[in-house]
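Each chain is listed here by its residues.
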Amino acid sequence: MLLACLLAVPAARAWTGADPWAPFLTPWFERVGTADGLPHSVTTAVVQDRRGLVWIGTMGGLVRYDGFRLQMYDAQGKGTDLPDAYVRSLLALPDGGVLVGTNAGGLARFDPVGNRLRTYPTGVGGTSDRKIYSLAADGSTGAWIATDRGLDHLDLTHDTITHVDTGDATAPRNFSVLQDRHGDLWLGNDRGLFMRRRGAQDFVRPTPATDDAAAATVLRNQAWALHEDAGGRLWVGSGQAGAAYRDTNGRWHAVPGFSPTPAQGNFATVRAFAESGDGTEWIGTDGSGVLSYRAGDPAVRHIAHDAAQPSSLPGDSIRGLLHDAAGNLWVATDLGVAHTNTRARMVCTLLPSPLDARGLADANVHAILVDSRQRIWLGLGNGQIDLIDQGAGTIRHLQLDGQQRHRDVQAFAEMPDGTIWVGTQGLARIAPDTLAITSNVEPRLASQPVLSMRQVDGSLLLGTYVGVYRYTPATGALEHFRHDASDQGSLASDTVREIARVDGRIWYGTTGGISVADRADANRGFRNLSERDGSTGSLPQDYIGSIATDPDGGLWVATFGGVAHLASSRIDGAPRFRVLGTREGLSSDKVNAVLPDAHGHVWASLSNGVSMIDRASGKVYNLGARDGLHIPSYIYIAAARAPDGAIMFGGLGGLTIVRDPDATAAAEPVPAPSITAARIGGIGMAPGALPDTGQPIHLDGDSRSLRVGFAVLDYRALLETRYSYRMEGFDEGWTDVPAGSPPSAVYTNLPHGDYTLHLRASTRGMRPVTVESTYPVVVAPRWYETLWLRLLVLLLGALLVVAVIHLRTLYLRRQAKRLQRQIDERTRDLQEANARLDQLAGTDELTGVYNRRRFLELAAGVCELAGDGDACLAVLDLDRFKQINDGHGHLAGDAVIRAVTDIIVGQCAPNDLVGRYGGEELVICMPDCDAARAMRAAERIRDALAASTVHYDDHAIRVTTSIGVAAIRRGESVEQWLSRADAALYEAKRCGRDRVVLAADEASVRA
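Residues numbered from 1 in each chain as written. Predicted model: local features only at pLDDT ≥ 70, side-chain atom pairs only at ≥ 80, totals over all residues. Heavy atoms only, no water.

**Regarding the overall build of the chain**
Let me state the cut-off plainly: Strands here are runs of E lasting at least two residues and helices are runs of H or I lasting at least four, both read from the DSSP assignment and numbered beginning at the N terminus. Atoms counted for the radius of gyration: C-alpha only. Globule rule: 2.2 Å times residue count to the power 0.38. Here's how the labels work: a residue is buried when its accessible area is under 20% of the maximum for its type, exposed when over 50%, partly exposed in between, all with a 1.4 Å probe on protein chains only. When checking whether two residues touch, look at their non-hydrogen atoms; a contact exists if any pair is within 4.5 Å.
Along the backbone of the chain there are seven helices and 73 strands. Taken against the 2.2 N^0.38 rule, which gives 30 Å for 1007 residues, the C-alpha radius of gyration of the chain at 43 Å runs more than 25% over that of a compact globule. Projected onto its principal axes, the C-alpha coordinates of the chain cover approximately 140 × 115 × 45 Å. By residue count, 54% of the 1007 residues in the chain fall in the buried class. For the chain, restricting intrachain contacts to residue pairs at least 6 apart in sequence, the fraction spanning at least 24 positions comes to 55%.

**Considerations on the packing of aromatic side chains**
Aromatic ring pairs: the centre-centre distance and the angle between the two ring planes describe each pair. Spelled out, the test is: We call Phe, Tyr and Trp rings a pair once their centres come within 6.5 Å, taking the six-membered ring for Trp, and we label the pair stacked below 30 degrees between planes, edge-to-face above 60, and tilted otherwise.
Across all of its chains, the model carries 26 aromatic pairs by this definition. Consider the rings of Tyr 725 and Tyr 747, whose centres lie 5.9 Å apart with planes at 80°: the pair is edge-to-face. Here Tyr 725, found in strand E62 (residues 722–728), pairs with Tyr 747, found in strand E64 (residues 744–747); they are 22 residues apart in sequence, far enough to count as distant. The buried category is assigned to Tyr 725, whose relative accessible area is 11%. Classification of Tyr 747 by relative accessible area gives buried; the value is 5%.

**Some words on a nonpolar patch on the surface**
Where we set the bar: Patch criteria: residues need more than 30% relative accessible area and no salt bridge. Like-charged residues are merged within 9 Å; nonpolar side chains of Val, Leu, Ile, Met, Phe, Trp and Tyr are merged within 5 Å. For every accessible area listed, the method is Shrake-Rupley and the probe measures 1.4 Å; residues are considered covered only by the protein chains on display. Salt bridges are defined by distance alone: a side-chain nitrogen of Lys or Arg within 4 Å of a carboxyl oxygen of Asp or Glu.
A cluster of nonpolar side chains, contributed by Trp 788, Leu 792, Leu 795, Leu 796 and Leu 799, occupies part of the molecular surface with about 560 Å² of accessible area. Turning to its location among the elements, Trp 788 is positioned in helix H2 (residues 787–842).

**Describing the packing of helix H5 (residues 890–907) against helix H6 (residues 931–947)**
Short version of the rule: In this analysis, axes come from line fits to C-alpha atoms, helices being fitted only over the stretch in contact, and the angle between any two N-to-C directions falls in the range 0 to 180 degrees. The cut-offs work like this: below 35 degrees is roughly parallel, past 145 is roughly antiparallel, 65 to 115 is roughly perpendicular, and the gaps in between are oblique. Two helices cross in a left-handed way if the nearer one is turned anticlockwise from the farther one by less than a right angle. They cross in a right-handed way if the turn is clockwise. Polar here means any residue other than Ala, Val, Leu, Ile, Met, Phe, Trp, Tyr, Cys and Pro, which are nonpolar, and Asp, Glu, Lys and Arg, which are charged; Gly is therefore polar.
Running from amino to carboxyl end, H5 crosses H6 at an angle of 140°, the nearest separation of the two axes being 10 Å. As summarised for this structure, H5 and H6 are arranged oblique, according to the angle between their axes. As H5 packs across H6, the resulting crossing turns out to be right-handed. Between H5 and H6, the contacting residues are Val 900, Ile 903, Ile 904 and Gln 907 on the first element and Arg 940, Ile 941, Ala 944 and Leu 945 on the second. Its residues assigned to classes, the contact of H5 with H6 shows six nonpolar, one polar and one charged.

**With respect to the pairing of strand E70 (residues 949–952)**
Quick reminder of the rule: The rule for pairing is simple: two strands pair if DSSP sees at least two bridges between them.
Relative to strand E71 (residues 955–958), E70 runs antiparallel, the two sharing four bridges. Residue His 951 lies in a different strand from E71, and its bridge partner there is Ala 956. Hairpin remark: E70 followed by E71, antiparallel, with two residues in the connecting loop; positive phi at Asp 953, about 50°.

**Details of the pairing of strand E40 (residues 459–464)**
In terms of residue burial, E40 counts as a mostly covered element, since six of its six residues are buried. Side-chain alternation along E40 places Ser 459, Leu 461 and Gly 463 on one buried face and Leu 460, Leu 462 and Thr 464 on a second face that is also buried. Here five bridges tie strand E39 (residues 452–456) to E40, and the two strands are oriented antiparallel to one another. The residue of E40 that forms the bridge with Ser 452 is Gly 463. Hairpin connection from E39 to E40: two residues lie between these consecutive antiparallel strands, with Asp 457 at a positive phi of about 55°. Here E40 pairs with strand E41 (residues 467–472) via five bridges, running antiparallel. The residue bridging Leu 462 from the neighbouring strand is Tyr 469, located in E41. If you look at the hairpin formed by E40 and E41, you'll find two residues sitting between the two strands.

**Some remarks on unusual backbone geometry**
Despite not being glycine, Asn 749 shows a phi value in the positive range, around 55°. Relative to the helices and strands, Asn 749 resides in the loop between E64 and strand E65 (753–762). For Arg 993, which is not glycine, the phi dihedral falls at a positive 70°. Mapped onto the elements, Arg 993 comes out in the loop between helix H7 (974–990) and strand E73 (996–998).

**Let's talk about the sheet that holds strand E16 (residues 174–179)**
With respect to topology, three strands assemble into an open sheet ordered E16-E17-E18, the strand pairing being antiparallel. On the outer flanks of this sheet lie E16 and strand E18 (192–196), each paired with one strand and no other. Neighbour to neighbour, the strand axes of the sheet diverge by 20° on average, direction disregarded. Where strand E17 (residues 185–189) and E18 come together, five bridges link them in antiparallel fashion. Bridging across to E18, Gly 188 finds its partner in Leu 193.

**Concerning helix H1 (residues 213–220)**
Structurally, the α-helix is built with 3.6 residues per turn, so residues lying three or four positions apart point the same way. This is how the line gets drawn: By definition, the arc is the one covered by directions from the helix axis to the C-beta atoms.
The set of residues buried in H1 consists of Ala 214, Ala 215, Val 218 and Leu 219. Down the axis of H1, the buried set is contained in an arc of 135°. They therefore lie on one face. Along H1, exposed side chains directed more than 90 degrees from the buried face belong to Ala 213 and Arg 220. Packing partners of the buried residues in H1 comprise E18, strand E20 (234–238), strand E21 (243–246) and strand E22 (252–254).

**Brief notes about the pattern of salt bridges**
On inspection of all chains with the given rule, the structure shows 37 salt bridges. Between Arg 375 and Asp 371 there is a salt bridge whose closest N-O contact spans 2.9 Å. Its relative accessible area of 11% is what places Arg 375 among the buried residues. On the accessibility criterion, Asp 371 (3% relative accessible area) is buried. Connected via shared salt-bridge partners are Asp 95, Arg 109, Arg 118 and Asp 159.

**A short note on the sheet that holds strand E12 (residues 132–137)**
Pairing is antiparallel in the open sheet, where four strands are placed in the order E12-E13-E14-E15. The two strands at the open ends of the sheet, each matched to only one other strand, are E12 and strand E15 (160–164). Strand-to-strand, the axes of this sheet are offset by a mean angle of 25°, without reference to chain direction. Inspection of the sheet shows strand E14 (residues 150–155) paired to E15 by five bridges, in the antiparallel sense. If you follow Leu 151 over to E15, its bridge partner there is Val 164.

**Description of the confidence of the model for the chain**
In low-pLDDT regions, the fine details of the predicted coordinates are not to be read closely. For clarity, the cut-off: pLDDT expresses, on a scale from 0 to 100, how confident the predictor is about each individual residue.
Residues with a pLDDT of 70 or more make up 95% of the chain, whose mean pLDDT is 91. Long-range and interchain partners of residues 1–17, a stretch whose pLDDT sits below 50, account for 77 contacts in this model, where long-range means more than four residues apart. This stretch, residues 1003–1007, has a pLDDT under 50; its non-local contacts, to residues over four places away or in other chains, come to twelve contacts.

**Description of the environment of Lys 817**
Relative to the helices and strands, Lys 817 resides in helix H2. Separated by 648 residues in the primary sequence, Lys 817 and Ala 169 place their C-alpha atoms 114 Å from one another.

**Describing the environment of Val 950**
Tracing the chain through its elements places Val 950 in strand E70. The exposure class assigned to Val 950 is buried, which follows from its relative accessible area of 10%. The sequence separation of Val 950 and Ala 895 amounts to 55 residues, and the corresponding C-alpha distance is 7.9 Å. The residues touching Val 950, leaving out its near neighbours within four places in the chain, are Ala 895, Val 896, Ala 899, His 955, Ala 956 and Ile 957.

**Here we look at helix H4 (residues 881–888)**
Those residues of H4 not exposed but buried are Phe 881, Ile 884 and Asn 885. Down the axis of H4, the buried set is contained in an arc of 95°. They therefore lie on one face. Of the residues in H4, the exposed ones pointing more than 90 degrees away from the buried face are Lys 882, Gln 883, Asp 886 and Gly 887. Along its buried surface, H4 packs onto strand E67 (872–878), H5 and E71. Following H4 by one or two positions, Gly 889 adopts a phi angle in the positive range, close to 100°.

**Remarks on the packing of H4 against H5**
When two helices pack together, their arrangement is given by the angle between their axes and by how far apart the axes lie. Two elements in contact, H4 and H5, have axes separated by 6 Å at closest approach and are oriented at 135°. Between H4 and H5, the interaxial angle falls into the category oblique. Listed contacts from H5 to Phe 881, Ile 884, Asn 885 and His 888 of H4 are His 890, Ala 892, Gly 893, Val 896 and Ile 897.

**A word on the environment of Arg 818**
Position of Arg 818 relative to the elements: it lies in helix H2. Spatially, the C-alpha atoms of Arg 818 and Val 950 are 55 Å apart, while their sequence positions differ by 132 residues.

**Things to note about the state of the cysteines**
Our working rule: Note on terminology: pairs of cysteine sulfur atoms within 2.5 Å are recorded as disulfides.
In this structure the tally under the stated criterion is zero disulfides. You can see Cys 925 has no disulfide; the closest cysteine sulfur is in Cys 863, sitting 8.7 Å from it. Take Cys 929: it sits in no disulfide, and the sulfur closest to it among the cysteines is that of Cys 872, at 4.9 Å.

Okay, structure coming up:
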């Protein structure tokens, strides 16, 4: 969608506009092709209708497009279809319809209400020929039709066609037609350009100024395209002679660089014109791509297909152009249609291309340097270096040799004499004037990849994977220092990604934090800054990217945990960093580079985009495709300010250039979502019947299903815009449309009533907005849901009830007493049965006390109502019960458990809850009982058990028990309460058994 830095033809090098990047600009196109649903790759015409939808003519049919959905109209031989699949021309009509000129089927008119096409006759009462080259509005209620055998006029009000006599000077074949704002009619004919003044009858040739022979040649050549721009200039495109325009004074001018000269006289046919909002005229040619030109410029700029760039034009054979209401330029090519946002100028991208002298030599930009001559150096992969001269509008491609030929260029430094030093696998040197390259300057460093570099007082500090080298070119001196695990004052890590000079100090950014040296010649004694666990003022992460200062003296550090900021670069005392990450609005915490702009706003390249931190407010803005950001990922530290103040970031795929944005500018208006397709009860609505915002949607009683397709019809950042919908009165919340899916709202079997359908879209970018449209939805009731029928049914029902009551009163009275007796008897039986079932479901079969499930239910109720310490749990476990089972048998064990349970129940208060928790373990819940009382009760139970003897089969069995007690805590669950009592039980077991232990975190109470 937006502008990406690329190429200009040699003639454009003399262009001296205000934008220094202009020689490199070409539109970034989004493509729509056969893979997206176009019926044919050759697209021939493109227009936008009243509702904002785009119509695309192809050699295989006509398409209606909303950015997501394509609705096709084909030539199927029916009376409501296209008369010919090859569409040559289109004209949007005020009623939302479209006129369609075909290659061999004549003229058709699309009816938006009936969703069908109607074909006009050819011959008497119809068009002069079946081949329709061009269509143009007549400024009123009609249209002009340029055909292969004459000129016709269509009266849209009466739907009649009249032939127009163009005179003997013209040929029968007419390629284009235009009525200008003054009412003059211009005819692009096989013999050149003709015009008929308003009110006149004859067509005559326009007479250019005698000193512009090139313009005269254009006007006498086949006139294939005509256009009147917003300033009143008339543009003419010819078959072989290029283009010319007439200014508002009536003077004709040939378009320089695209009109006859002694050296060149033959050019590609001009098939279409379009004008963007900034006054640029776009010229579509059949074979030479698109030309852009502004009246008065010294040359045109060519925009052509580049096979190495997916964002370039799909093809160079252009057949139609459209500048739509949102500022997009649409181009119909022989390989699909493409569109670009001509208004997005904040961000542009310099892309790689081996086919373009002004494209980058490699896709990945590892390093950036702006030298003292204001030249921009880019370190690329494979030993390649690009040198950009904005003043000259050129890019020079340099190549390292030897072992450095296939190594990444990761760092630059400029010496005081202007020599450029290159950090790659070792060092290289470039002469500033001749650009002569000396590879592998220092053999001792030939095996070391140089990651970062800084020139300080004639020496080079080199960051590598094995620490830092200090190299002095004048003397050849080479020093090396690195991380020493035994020395806290050594480098924080051996991998040094950044070297910055801040207030005379040297800051080394490593993968283990930052090391700060007071002097450039220091090899140790560094102050190391790193991430500290639990500290809110330390670095957020030790993996360091770039380090930069702002105009206010603040320090900014890029890390893999976000952006760290110090209000002052002075680090006396313990520095406290302010951290900005995803919580503060960054789209990722993985930050590679930070760089302030001329206004003090800080820009950051992230793993998934570019963000800006506002200088005054600290608010974070994340750039998006609407701003022109098309490189999705950044992993290099490469960042610099261009001579014009633009921010440059090296990324995976090219160089991102952020030109001076106006942070105070209001967001560009984004239209609210429009319904572009709808089906009610499975039947599609005609385009003309689709509601505008605020208009109701009616569903009858037999059609309760509704499906609407919707979109923001500005055709920008389609994959970044997020959609959602909600049916007020039916939905509780918003339903999000999955990213990348065509926005649709689907409802089935809606109850009758009145609703409001809300459609919402949210954009991403520097100035994100959320827009919403609403549509009342009225669902009619079915016949049996109508009010009058309901009233009638109620009345009849009331009468019937009265009659039944009257007829059955005596019978009911006779039966009442008998039935009541039966009901009472069965109710009692049922209640008794339910009580027995409930008791059985909650009672332990062996002991007759509560089973585990029932006990936990009742204890949970006590837990909810009890205050802190107002209830207690006791968990009892029979000591050495396994010996009883082993020595006397399991039946004896069961008898012991029954006897013990009886004793426990006898010792408990009436409102205590007793349950068998499992095996020989029992539990007691004592409501309204504090810990002291519970301990006394537990001791009574323990004493009673210790004093008792269980007799079974002539055996006297003695039993003791260990008991754990816990008082309730406010807010804890019954499981937590029981767990603490259980822990006390285990403590009693551990301490020797036959004892009571209170939970360890409560006051110890012993009976």
